[in-house]
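Take a look at the letters that make up each chain.
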Amino acid sequence: MYEDLFERLSRSKFRSNFHLKDKDKQYVVDKGMVTIREHAEDLINKKIAAAFIANDGKQTPTKGHPVFIAQHATACCCRGCLKKWHHIKPGKELTDQEKQYVVEVIMKWIDIEMEGYIGQEKKEELAGQKNKVGRSNREKKEEYEQLKFDFDN
């Protein structure tokens, strides 16, 4: 649904430099996508939806929350960017449909960024399994060395 938009954003050197770091991804895992969506809705309502924003262009931090990063990556960070990239006119309050669109774009980008991320808990679980295999192999090697020693003596 947003392929054209994401293709255009990917060609922007500035926009394409934004990515979620592991700590941001872990935050998404810990909070869950429903909560992240609620955060996105709240941030859009508070920082972007008004007809006139005194500090437009400077109201969205570039780090500190996955939604902030997504806003910059998707050009949903200020009314100027909404006009340029999404053709949403400034000078009027965002409609419910426009707010929903902005949140959907942000959530789609976060969803794409989360692809393949398994989370710290799962990483630790897999590391534990790997360690079990590693210990098992080491134990087998030690057992083999012991058997070899016993056989030679």
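Note that this is a predicted model, so its numbers are computed, not measured.

Draft legend 1. Examining the confidence of the model for the protein more closely. Summing up the model confidence of the protein, the mean pLDDT is 84 and the portion of residues at 70 or higher is 76%. Helix 4 (residues 66-73) holds the highest mean pLDDT among the elements of the protein, 96, whereas helix 7 (residues 120-152) holds the lowest, 58.

Draft legend 2. Representation of the nonpolar core within the structure. In terms of nonpolar packing, the biggest core is built from 36 residues, with Ile106, Trp109 and Ile110 touching the most fellow members. At the level of secondary structure, the elements contributing two or more residues to this core comprise helix 1 (3-10), helix 3 (33-47), helix 4, helix 5 (79-86) and helix 6 (96-114). The dominant element in this core, judged by the number of residues it contributes, is helix 6, at eight residues.

Draft legend 3. Just the packing of aromatic side chains, in detail. In the structure shown here, the tally under the stated rule is three aromatic pairs. Their ring planes at 85 degrees and their centres at 6.3 Å tell us that tyrosine 2 and phenylalanine 6 sit as a pair that is edge-to-face. Just as tyrosine 2 is buried, phenylalanine 6 falls in that class too. One aromatic cluster is present, formed by Tyr2, Phe6 and Tyr101 through successive ring pairs.

Cut-off values and rules
Residues numbered from 1 in each chain as written. Predicted model: local features only at pLDDT ≥ 70, side-chain atom pairs only at ≥ 80, totals over all residues. Heavy atoms only, no water. pLDDT = per-residue confidence, 0-100. Helix = DSSP H or I, 4+ residues; strand = E, 2+ residues; numbered from the N terminus. Core = buried A, V, L, I, M, F, W, Y, C linked by side-chain atoms within 4.5 Å. Buried < 20%, exposed > 50% of the residue type's maximum accessible area, 1.4 Å probe, protein only. Phe/Tyr/Trp six-rings, centres within 6.5 Å; stacked < 30°, edge-to-face > 60°.

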